[in-house]
Amino acid sequence: MSLKRHIPNIVTLLNLLSGCIAIIFAVYGNFIAAAMFVFLGIFFDFFDGLLARKLNVQSPLGIQLDSLADLVTSGVVPGIVMFKLISLTVDAPDYSTYSDSWNSIFHWQGFKMSVLPLIGLFIALASAYRLAKFNLDEDQQSYFKGLPVPANTLVIMSLPLILEYQNSDLMNSIIINKWFLIGLTLLSCYLLNSNIKLFALKFKNYGFRDNSIRYIFLILSVILLVVLQFAAIPLIIALYILLSLLTASKIA
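Bear in mind that the values here come from a model prediction, so they are computed numbers and not experimental data.

Reading the values: the criteria
- Residues numbered from 1 in each chain as written.
- Predicted model: local features only at pLDDT ≥ 70, side-chain atom pairs only at ≥ 80, totals over all residues.
- Heavy atoms only, no water.
- Core = buried A, V, L, I, M, F, W, Y, C linked by side-chain atoms within 4.5 Å.
- Buried < 20%, exposed > 50% of the residue type's maximum accessible area, 1.4 Å probe, protein only.
- Helix = DSSP H or I, 4+ residues; strand = E, 2+ residues; numbered from the N terminus.
- Contact = heavy atoms within 4.5 Å.
- Patch = residues over 30% accessible without salt bridge, like charges linked within 9 Å, V, L, I, M, F, W, Y side chains within 5 Å.
- Areas by Shrake-Rupley, 256 points an atom, 1.4 Å probe, with all protein chains shown as cover.
- Salt bridge = Lys/Arg side-chain N within 4 Å of Asp/Glu carboxyl O.
- Axes fitted to C-alpha atoms, helices over the stretch in contact; angles between N-to-C directions.
- Parallel < 35°, antiparallel > 145°, perpendicular 65-115°, else oblique.
- Left-handed = near helix turned anticlockwise from the far one by under 90°.
- Nonpolar A, V, L, I, M, F, W, Y, C, P; charged D, E, K, R; others polar.
- Phe/Tyr/Trp six-rings, centres within 6.5 Å; stacked < 30°, edge-to-face > 60°.
- Lys NZ or Arg CZ within 6 Å of the ring centre and 35° of its normal.

**Things to note about the nonpolar core**
Okay, step 1: Counting residues in hydrophobic clusters, the biggest one holds 44 residues, and the most contacted among them are Val81, Met82, Leu147, Met157, Leu159, Phe199 and Phe217.
Okay, step 2: Mapped onto this core, the elements with two or more residues apiece are α1 (2-27), α2 (31-55), α3 (60-89), α5 (149-165), α7 (178-192), β4 (197-199), α8 (208-228) and α9 (232-246).
Okay, step 3: Not counting residues within four places of it along the chain, the set of residues in contact with Met157 comprises Phe31, Ala34, Ala35, Val38, Phe39, Val77, Pro78 and Val81.
Okay, step 4: Ranked by size, the runner-up nonpolar core spans 5 residues in total, among them Ala126, Leu131, Cys189 and Leu192.

Take a look at the structure:
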């Protein structure tokens, strides 16, 4: 019985481990490997709660541990990735070099940090605040209030994947634009902590009538992924928000 109680927590710790590895890759600019470990962490995040319910071993410890793991995998990692992406758009020099550029105010013995890219770290702050609110909100059992942090992370982590694999000059020019990245950062911070009600992908039964919005969302998501590949991810999250707004009266 004691071993069964710890199984979901072990899976949660695998989520945290994946996030820690993703941080290492993200810091060194290997966004593809970072994205792989973030997606692996989100996979573990989905199954820890499922296992806890199936094994009937939910606990306050598990809830807190889950949020701490999510903060790393779905908060810190996308924040670092956005920081690095914005750094690319402002041509920020390496930290080991010194520069007198206008957006460089921190300087200790040759260490230099650009200011503007720090906006990307707001994602980590907004994610922490959203997770703390979620733990205290007893209403979010069958729906979400504000964008879940894993969904926001999928959007951010899709950007380097689009740059690497889509080979589209149009998409590349949009993504490698500091104003687009800053705007996306601020938008994601708002959505994470908004009061918008979003349906959860939890099926009480598999009937179409009770789950029509979920089936429609899943079918359209698959179509978008097949047609647009990684570029579909931001559109899928936008579709998720749009369908939730259109069916807001039915979400409870």
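Having put the structure on the table, let's press on.
**Considering a nonpolar patch on the surface**
Okay, step 1: A cluster of nonpolar side chains, contributed by Phe208, Ile216, Ile219, Leu220, Val222, Ile223, Val226 and Val227, occupies part of the molecular surface with about 760 Å² of accessible area.
Okay, step 2: Here Phe208 lies in helix α8.

**Thoughts on the side chain of Ser74**
Okay, step 1: Following the sequence through the fold, Ser74 ends up in helix α3.
Okay, step 2: Contacts of Ser74, omitting those with residues within four sequence positions, involve Ile42, Ser127, Val149, Pro150 and Thr153.

**Notes on the environment of Cys189**
Okay, step 1: Tracing the backbone shows Cys189 in helix α7.
Okay, step 2: We classify Cys189 as buried; its relative accessible area is 15%.
Okay, step 3: Cys189 sits 67 residues away from Phe122 along the chain, and the two C-alpha atoms are 7.1 Å apart.
Okay, step 4: Excluding residues that lie within four positions of it along the chain, Cys189 makes contacts with Phe122, Ile123 and Ala126.

**Concerning the packing of helix α4 (residues 122-136) against α5**
Okay, step 1: Contact pair α4 / α5: the axes reach a minimum separation of 10 Å and the direction vectors enclose 160°. Regarding the angle of α4 to α5, the classification is roughly antiparallel. Of the two possible hands of crossing, α4 and α5 adopt the one that is right-handed. Only Val149, Asn152 and Ile156 of α5 make contact with α4, whose side of the interface consists of Ile123, Ser127, Arg130 and Leu131.
Okay, step 2: Here the contact of α4 with α5 is composed, by residue class, of 4 nonpolar, 2 polar and 1 charged.

**Digging into the packing of aromatic side chains**
Working definition: an aromatic ring pair is given by the centre-to-centre distance plus the angle between the planes.
Okay, step 1: Throughout the structure, instances matching the rule amount to 9 aromatic pairs.
Okay, step 2: Ring centres of Phe134 and Phe144 lie 6.5 Å apart, and the angle between their planes is 35°; on these two criteria the pair is classed as tilted. Here Phe144 lies in strand β3 (residues 143-145) and Phe134 lies in helix α4, a separation of 10 residues in the sequence.
Okay, step 3: Summarising the aromatic geometry, the rings of Tyr165 and Phe230 are spaced 5.7 Å apart at their centres and angled 35° between planes, so their arrangement reads as tilted. Of the two residues, Tyr165 sits in helix α5 while Phe230 sits in the loop between α8 and α9, which places them 65 residues apart along the sequence.
Okay, step 4: Taken together, the ring pairs connect Phe43, Phe44, Phe46 and Phe47 into an aromatic cluster.
Okay, step 5: Between Lys197 and the ring centre of Tyr143, over which it is positioned, the NZ or CZ distance is 5.0 Å.

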